[in-house]
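Listed here are the chains, written in short residue letters.
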Amino acid sequence: MRREPTARQLRLATELRRLREAAGLTSREAASLLGVSPAQITHIESALAGVSEQRLRRLASHYACTDEEFVDALVAMATDRTRGWWEQYRGLLPTPFLDLSELEHHARFQRHVAILYVPGLLQTEDYSRAVFSARLPELTREEIELRIQHRKARQQFTVPYEAVIHEAALRIRVGDRAVSRAQLNRLAEFSEADHITVRVIPFDLDGFASAASTMTFVGGPVPRLDTVVRDALHGSAFIDSEAQLNTYRTGFRKVEGASLEPVASREFIHNLAKEL
């Protein structure tokens, strides 16, 4: 029995429960079809216990799930025994930090909308230090450095990444003038990478309110396994219901469509850096 399931394990459990409910079966009926106790189905659907590939495919068959690509993705989640780099931080950083790292590790792509801060994956070390130093309650120097090391490790990604950043996030000085200038220059450098796209929403855009919400959209192995991450004072929230995912997909397209093109955005960032 697991004591602390990861977000990835919880997502697998959630998807299996959704499949069962869509099939109109109770956990007792599912257990009978599989030849196990109802308690075992409950443990699987709460991520307290794992499930083998054979049993998972049998469950999918009983649930009349014909989406082979989706089932294969669930099998990969169930049988993955990878011990990722983030595990070295277990017990040192809050669990949501590790869950986010695991989610990003398996991502097909990432999209980010930023309103007040430059996205973490594009931050300089000094900018990150300024952000973490402003946190309440205050963090110790050791805790701040651990978070910076973890963030730098997360920045070694290679999947397609698109960030739409509001001008407010570019102008707010989380550190001093030098930190802000260095961050803008680094952001412009990032935007030239083949797998990174940076777009800017300027203040003078008329009548646009869709960029009022920060979000991270992480592409799963199949669209049904996409995830939206929302940050709050109490930690990160992982959103995965299909209705909400569609809402965020639509929202991102609107924000993206209203932003400057990548080349114009890079020039915009360079001009802001020259002002400092």
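These lines cover the structure that appears in this document, whether it is placed above or below. (Residues numbered from 1 in each chain as written. Predicted model: local features only at pLDDT ≥ 70, side-chain atom pairs only at ≥ 80, totals over all residues. Heavy atoms only, no water.)

## Notes on the overall build of the protein
Heads up, the rule is: Starting at the N terminus, helices and strands are each numbered in turn, a helix being any DSSP run of H or I of at least four residues and a strand any DSSP run of E of at least two. Each residue's exposure class comes from its accessible area (1.4 Å probe, protein chains only) as a fraction of the maximum for that residue type: buried when under 20%, exposed when over 50%, partly exposed otherwise. The contact rule is simple, with two residues in contact once any of their heavy atoms fall within 4.5 Å.
Check the secondary structure of the protein and you find twelve helices and six strands. Principal axes of the C-alpha set define a box for the protein whose edges measure 70 × 40 × 30 Å. Expressed as a percentage of the 276 residues in the protein, the buried residues total 46%. Residue pairs in contact within the protein that sit at least 24 positions apart in sequence constitute 72% of those at least 6 positions apart.

## A look at the environment of leucine 225
Within the element layout of this structure, leucine 225 appears in the loop between β4 (215-219) and β5 (227-232). Judged by relative accessible area, which is 5%, leucine 225 ranks as buried. Along the backbone, leucine 225 and leucine 245 are 20 residues apart, and their C-alpha atoms lie at a distance of 9.6 Å. Other than its neighbours up to four places away in sequence, leucine 225 contacts Arg11, Glu15, Phe70, Ala73, Leu74, Met77 and Gly220.

## Considering the packing of helix α4 (residues 53-62) against helix α5 (residues 68-79)
Counted only if it meets this: To define axes, lines are fitted to C-alpha atoms, for helices over the stretch in contact only, and angles between the resulting N-to-C directions are given on a 0 to 180 degree scale. Oblique is the label for any angle not covered by the other classes, which are roughly parallel (under 35 degrees), roughly antiparallel (over 145) and roughly perpendicular (65 to 115). Each crossing gets its handedness from the near helix: less than a right angle anticlockwise from the far helix is left-handed, clockwise is right-handed. When residues are sorted by character, Ala, Val, Leu, Ile, Met, Phe, Trp, Tyr, Cys and Pro go into the nonpolar class, Asp, Glu, Lys and Arg into the charged class, and all the rest, Gly among them, into the polar class.
Contact geometry of α4 with α5 gives a least axis separation of 10 Å together with a crossing angle of 150°. Comparing their axes, α5 and α4 come out roughly antiparallel. By crossing handedness, the relation of α4 to α5 is classed as right-handed. Between α4, through Glu53, Leu56, Arg57 and Ala60, and α5, the contact on the second element is made entirely by Val71, Asp72, Leu74, Val75, Ala78 and Thr79. Of the residues that constitute the contact of α4 with α5, the class distribution is six nonpolar, one polar and three charged.

## With respect to the layout of surface pockets
Applied cut-off: Here a cavity denotes grid points, spaced 1 Å and computed from the protein atoms alone, that fit a 1.4 Å probe unable to get out, and a pocket denotes an open set having protein on both sides within 12 Å along at least 5 of 7 lines; residues with an atom within 4 Å of a point are the lining. Grid points are joined across faces, edges and corners, and a volume is the space filled by probe spheres set on the points.
Here the second largest pocket defines a volume of roughly 510 Å³. For the lining of the second largest pocket, the elements supplying multiple residues, two or more each, are α1 (7-22) and α5. It is α1 that contributes the most residues to the lining of the second largest pocket, four residues altogether. Partitioned by chemical class, the residues of the lining of the second largest pocket number nine nonpolar, six polar and nine charged.

## Some thoughts on the pairing of strand β3 (residues 196-201)
Rule in force here: A pair of strands is considered paired only if DSSP assigns at least 2 bridges between the two.
Counting buried residues along β3, five of its six residues qualify, which places the element largely inside the surrounding structure. Pairing of strand β2 (residues 161-166) with β3 involves six bridges; the strand directions are parallel. What sits directly across from tyrosine 161, in β3, is isoleucine 196.

## Brief notes about the environment of proline 160
When you line up the elements, proline 160 lands in the loop between α8 (141-154) and β2. Proline 160 sits in the partly exposed class, given a relative accessible area of 48%. As a C-alpha pair, proline 160 and arginine 111 span 49 residues in sequence and 8.4 Å in three-dimensional space. For proline 160, the residues in contact, after removing those within four places along its chain, are Arg108, Phe109, Gln110 and His195.

## Digging into the packing of aromatic side chains
Rule in force here: Any pair of Phe, Tyr and Trp rings, taking the six-membered ring for Trp, is counted once the centres come within 6.5 Å. Such a pair is stacked with planes under 30 degrees apart, edge-to-face with planes over 60 apart, and tilted for the rest. Charge-over-ring contacts are defined here by two conditions on Lys NZ or Arg CZ: a distance within 6 Å of the ring centre and an angle within 35 degrees of the ring normal.
With the rule as written, the count across this model stands at four aromatic pairs. Look at tryptophan 85 and tryptophan 86: their rings are 5.9 Å apart centre to centre, the planes differ by 80°, and that puts the pair in the edge-to-face class. On the basis of relative accessible area, tryptophan 85 is assigned to the partly exposed category, the value being 30%. Centroid distance tryptophan 85 to tyrosine 89: 6.2 Å. Interplanar angle 90°. Geometry classified as edge-to-face. Tyrosine 89 sits in the buried class, given a relative accessible area of 7%. A cation over a ring is seen here: arginine 224 above phenylalanine 70, with NZ or CZ 3.8 Å from the ring centre.

## Observations concerning empty space enclosed by the protein
Applying the stated criterion across every chain yields a total of one cavity of 30 Å³ or more. In this structure, the largest cavity encloses a volume near 30 Å³. Lining the largest cavity are Val118, Tyr127, Ala169, Leu170, Ile172, Ser180, Gln183 and Leu184. Of all the secondary-structure elements, those providing two or more residues to the lining of the largest cavity are α9 (167-171) and α10 (177-190). In terms of residue class, the lining of the largest cavity is built from six nonpolar, two polar and no charged.

## Quick look at the pattern of salt bridges
The following threshold applies: The term salt bridge refers to a pairing of a side-chain nitrogen on Lys or Arg with a carboxyl oxygen on Asp or Glu at a separation within 4 Å.
Tallying each qualifying case throughout the model produces 23 salt bridges. The salt bridge partner of glutamate 162 is arginine 199, with a shortest N-O separation of 2.9 Å. Taken together, the positions of glutamate 162 in strand β2 and arginine 199 in strand β3 put the pair 37 residues apart, joining distant regions of the chain. Across this residue pair, the class does not change: glutamate 162 and arginine 199 are buried. Each of the salt bridges in this network shares a partner with another, and the network as a whole consists of Glu125, Asp126, Arg129, Glu145 and Lys152.

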